[in-house]
Amino acid sequence: MGSLYRSEEMAACQLFLQAEAAYASISELGELGLVQFKDMNPDLNSFQRKFVNEVRRCEEMERKLRFLEKEIARDQIPMPDPKEIPNSPEPREMILLETTFEKLEKEMNEVNVNATTLKKNFLDLTELKHILTNAQTFFDEAVLDQSQISEDSGHLLNDADGLQGLLQTLRLGFVAGVVLRERIPTFERLLWRSCRGNVFLRQKEIDTPLEDPNTGEEVMKSVFVIFFQGEQLKAKVKKICEGFRATLYQCPETANERREMAAGIQTRIEDLNTVLSQSLDHRHRVLVSIADDMKAWHMKVRKIKAVYHVLNMFNVDVTQKYLIGECWCAERHRSRIETALRTGTERSGSSVPSILNRMETTEHPPTYNCTNKFTKVFQSIVDSYGVAGYREVNPAPFTIVTFPFLFSLMFGDSGHGVLMFMAALAMVVMETKLMQTKSDNEIWNIFFGGRYIILLMGGFSIYAGLMYNDIFSKSFNIFGSGWYPHPQRYSEHTIDHHKDLTLDPTNNSDYRGHPYPFGMDPVWQMSLNKITWLNSFKMKISIIFGVSQMFFGVILSLQNSRYFRNSVNIFCEFLPQMLFLSCIFGYLIVLILYKWIAINATMSACAPSLLIDLINMFLLNYPLEPCSSAEFYDGQKSFQSFLLLLALVCVPWLLIAKPIILKRQHSKKQVQLLNNNDEFEGRKSTEINLDGETQTSKQKDGRKDSHTGHEEEEEFSFGEAFVHQCIHTIEYCLGCISHTASYLRLWALSLAHAELSEVLWNMVFRVALKMSGYTGLIAIFILFTPWAVLTIAILLLMEGLSAFLHTLRLHWVEFQSKFYKGDGYLFDPFRFDKIIEVSADD
Amino acid sequence: MNSLNFNIDFGYLEGLVRGFKSGIVKQADYLNLMQCETLDDLKLHLQSTDYGNFLSNEPSPLQVSIIDDKIREKLVIEFEHMRTQSVVPLSTFLDYITYGYMIDNIVLLITGTLHQHTISELIPKCHPLGSFEQMEALSIASTLLELYNAVLVDTPLAPYFIDCISEQDIDELNIEIIRNTLYRAYLEDFYKFCQTLGSTTADYMSEVLAFEADRRAITITINSFGTELTKDDRATLFPRCGKLFPEGHSALVRADDYEHVRAVAEFYSEYRILFEESGNNPTEKTLEDKFFEHEVMLMKKAFLEQFHFGIFYAYVKLKEQENRNIVWIAECVAQRHQTRIDGYIPIF
């Protein structure tokens, strides 16, 4: 069991794999998913690496798979997900897969080529059929036109012989063909222009769309016949037709021949149809047979590729027998990793075991927090602000409690809490079922991912609502209010007719003598000063919880300093910070509690005003008038001055102490280093023959440092340290004040939420409740819907979201700024399931 | 069109083109590409750039022409997207960019048919940005008048063509004159159009088009040495929107050899440098390369200012340069000609 409090202890390991066993070992580790590999050759280009050929083969396989998948999708055959994820295949299987895909692709290509030629034939025949059926009308028109022309010319010539000759010369040639419908207008225009109006085009649209054999798309086409005269024009017309990609067909001149030809073509089309459907059937059968395996194949290839990608990060030793890599893994998983390596070695049949060697490194290890489905969402809230440094205190476990709690302070309404709780509970209960139906809906995925946090937020809101005694803005009087109008002093008549009657807290006659046992007294629901009282109460509550959380944050910073044995931080940061916070805001909390306990109704006229008191404390000014700002305990003035002074002393302490100490430590170290260097120099002169060796080792170290990117010892500069500390001090001191004020949002949002729900009740639903008789019944029926819809849309979703964001801010800024550095980087293990998931999303 | 309202109509596309621009292959990538030993290496490395998996569906072995086509296809897709999303006047501006390619296509087709190639083998060689509907019917015309009357009159290029209509048959020299006359008219028209747009677009585009015009003028002059083109004819081919107009033009018309041209360029500081740094030795860059370098420099300038159309022009030109670069490297890799592999022109 790992704890969430600090990230896992990581070990930097060196991995020696025997070349034959490397593949199997890595694929075992990929199934395990607990190791993060480091790239040993970051300077190498992707195509200069050792296993680039294997990667390329995988890509080739993927290309073929994609091709096949496209074909399957074109036939609309479903590709089911495999029941279980296939194990990573052996290297042998890769060749097998390759040949399978090769064969399939070849077969598919052949089938496609055949189908295309068949379809081309089919298209030609259908087009010809359309021409033949339409030609008759064209020719009829043409003959009509022709006779008109001859009539005209007949008039002109007025000579019988001439007319006869003309008719013969007027023997028109024609071409018939089919062209894309959208090209007709330009086609016609161009024909007319380039032949100077000497051609005659008749066209008709083909009603049924035709299939383009190359792309498989359906296109609309038109039949046309062009009449012209003379061979030159014929050549020109043909050229134009070619330019517009019109297909020309031989069309017989007489109607009889056309009819015969049409009949012949009809039979040929029918023959072709049977052949075509058979070949399509064959294609379909082939595709169906592979559709089931498609997804599994994809996964397998992905896995192979991933393994080779990892192997590309390894170094090869001089003898070419070992692959050497470096990796990070959790200390406590090492035995599992070793087992996996052993199985890998066994699987590959190799006799030499792989070696996992722990090594020392100056590099910062990655941060690895073991999470489960419940803690995951909280950890991700923290991580999205910044990943914790290695072994730094992780705020996530505290967030599990404080996050829903602070949320509930703002969202305090039991009714809304119950709705939220139920919704989240439904998601949690049907978790496995919902997870299987992978949804692409982003909004739904956000809600579903946060189901556990919503569950907790709902639960805590129920509690907070009970404390506030707010259920859909109404109060429940469960235990009986502590207040009642004393029957001796108020008759029912007085109560009914006097609106400004007040229950007197100084007089015990209106008070039962014991408070309402749990939460807010329901009597406030009907009092006029409800808001005033609630504001004061909630404000104080907010300050108390807020300052407590900040205290807690500062204490966590102590935990960090203790863990990393940084005594400078304890004495120069934690102590002054703690003092500063407690002198001002700790004292304020004490005053709040004191006021709640010690001041009662009889003293209410001169009850101390804490805000004014705090201001006076800073101004060192204690006026006697009004009485609310006067001293309320002995020695208040001197004690407060002392606190203020203490807080003020903390500022320079926080500012100067740490940089000075750091500088001292640094110069001490320098002196030591200098002494060491002198010794080293002396030794060097005696052992000159070893010089070459030391240099090479130095170079190696240098290279290592440069590619890991972490320097062992940072250059120390006092100025920089001082400026840094200066910023830190200002941020902390001002932060304490502004953050305390910032926690008042707890009150502000809870007020807004309560008021909004009250308004909604009064303006919408209460209208119906006020009506009597059957109208009231109907009104309730009608008005319930808008009330319910608005409650869910505005109060639950919008207000919930806003309260969530404010809580997020309180955690990220107000809480985590007290101790959290968040300068780490995430542990990103090599895992097959993640790789496959990503590929599924593509 | 001013800075205040620019984003209403063109903000999206400007943002888009700036995004596209950041996908242009960087110097570091070129260094990596140059180390490739086979085209498959090249493909592997291009995957890590903005080109992504654009070659992943191509079976190996790869050919340079496939890479070229795919790169061009990507540019065309991006350009078409911007063209369909744009409104006037940006759409007109983008159309103007395509006219240049149209001219090239027309000339290519005429030359092709002159050499008895069929249209179907010529069409794939045309630049897809400059394709138009009547393009494939170009071969029917045997004289320029016919070409104009039958085919080109419907295209936007028609007004440019009026100057070169004659009853002459088409021959080799003719074609070059047609190309340059068309280009002259096109550049001048584009220049005028940009002036009407005003503000930054006009400022920037006038600089760019002036350079384009001057480059053409200088290239025409140099290429016309030793041909039967008369000096008067030469003068009519110079686009009159550059910095060389009018004094430089009259000087170029009188030029008889390369040295004369160089002497003319002496008077213009930006061109003087180009001439000084270029040479014909293998180690030196050619004048053409220097012009390309200067063009890249100009195009990069476009992205320093906001709210103007110049970036669309610049993006297309930079992409074209990138295309040339990658194809150059790919050719060198394919032909194992490593010594000249660094002859590309770095962009960023």
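For the structure, see preceding data.
Residues numbered from 1 in each chain as written. Chains lettered and ligands numbered in written order. Predicted model: local features only at pLDDT ≥ 70, side-chain atom pairs only at ≥ 80, totals over all residues. Heavy atoms only, no water.

### Some remarks on the overall build of chain B
Across its full length, chain B holds 16 helices and zero strands. Taken over the C-alpha trace, chain B has a radius of gyration of 21 Å; the compact-globule value for 348 residues is 20 Å, and the two agree within 12%. Seen along its three principal axes, the alpha-carbon backbone of chain B occupies a region of about 55 × 50 × 45 Å. When each of the 348 residues of chain B is scored for burial, the buried share is 55%. When the accessible surface of chain B is totalled, it reaches about 15200 Å², and 52% of it is carbon and sulfur. Side chains of chain B give 30 positive and 53 negative charges; the mean places of these two sets differ by 5 Å. (Helix = DSSP H or I, 4+ residues; strand = E, 2+ residues; numbered from the N terminus. Rg over C-alpha atoms; globule rule 2.2 N^0.38 Å. Buried < 20%, exposed > 50% of the residue type's maximum accessible area, 1.4 Å probe, protein only. Areas by Shrake-Rupley, 256 points an atom, 1.4 Å probe, with all protein chains shown as cover. Lys, Arg positive; Asp, Glu negative; His and termini not counted. Charge placed at Lys NZ, Arg CZ, Asp CG, Glu CD.)

### Here's the deal with the nonpolar core
In this structure, I226 of chain A together with F93, F190 and F312 of chain B are the most contacted members of the largest nonpolar core, which totals 121 residues. With residues up to four places along the chain from it excluded, the contact list for F312 of chain B reads L13, E14, V17, M82, L90, F93, L94 and I97 of chain B. (Core = buried A, V, L, I, M, F, W, Y, C linked by side-chain atoms within 4.5 Å. Contact = heavy atoms within 4.5 Å.)

### Focus on the side chain of H249 of chain B
Tracing the backbone through its elements, the reader meets H249 of chain B in helix 12 (residues 247-254). Residues within four places of H249 of chain B in sequence aside, it is in contact with A217, F238, P239, R240 and L244 of chain B.

### Regarding the pairing of strand 2 (residues 35-38) of chain A
Residue and element names in this part refer to chain A. Burial along strand 2 is two-sided: the residues V35 and F37 and Q36 and K38 are all buried. In this sheet, strand 10 (residues 322-330) lies alongside strand 2 in antiparallel orientation, the contact comprising four bridges. Residue pairing in the sheet places F37 in a bridge with C327 of strand 10. (Pairing = 2+ DSSP bridges.)

### Brief notes about the packing of aromatic side chains
Enumeration according to the criterion identifies 63 aromatic pairs over all chains in this entry. Where F784 of chain A meets W787 of chain A, the ring centres are 5.8 Å apart and the plane angle is 45°; that geometry is what we call tilted. Residue F784 of chain A and its partner W787 of chain A are both found in helix 23 (residues 773-815); the two are separated by three residues, about one turn of the helix. With relative accessibility at 9%, the residue W787 of chain A sits in the buried group. Sitting above the plane of the Y51 of chain B ring, K74 of chain B keeps its charged end 4.8 Å from the centroid. In this structure, R324 of chain B packs its charged tip against the face of F292 of chain B, placed 3.9 Å from the ring centre. (Phe/Tyr/Trp six-rings, centres within 6.5 Å; stacked < 30°, edge-to-face > 60°. Lys NZ or Arg CZ within 6 Å of the ring centre and 35° of its normal.)

### Points about the state of the cysteines
All names here are of chain A. In total, this model carries one disulfide over all chains according to the counting rule given. Between the sulfur atoms of C606 and its disulfide mate C627 the distance is 2.1 Å. As the torsion about the S-S bond is roughly -100°, the C606-C627 disulfide counts as left-handed. On the criterion of sequence distance, the pair formed by C606 in the loop between helix 17 (567-598) and helix 18 (610-619) and C627 in the loop between helix 18 and helix 19 (636-686) is long-range, its members being 21 residues apart. With a relative accessible area of 41%, C606 lands in the partly exposed category. For C627, a relative accessible area of 33% corresponds to the partly exposed category. Of the cysteine sulfurs around C583, a residue in no disulfide, the closest is that of C650, at 5.9 Å. Assessed through its relative accessible area of 3%, C583 is described here as buried. Free of any disulfide, C736 has its nearest neighbouring cysteine sulfur in C733, separated by 6.7 Å. Residue C736 is classed as buried on the basis of its relative accessible area, which comes to 0%. (Disulfide = S-S within 2.5 Å.)

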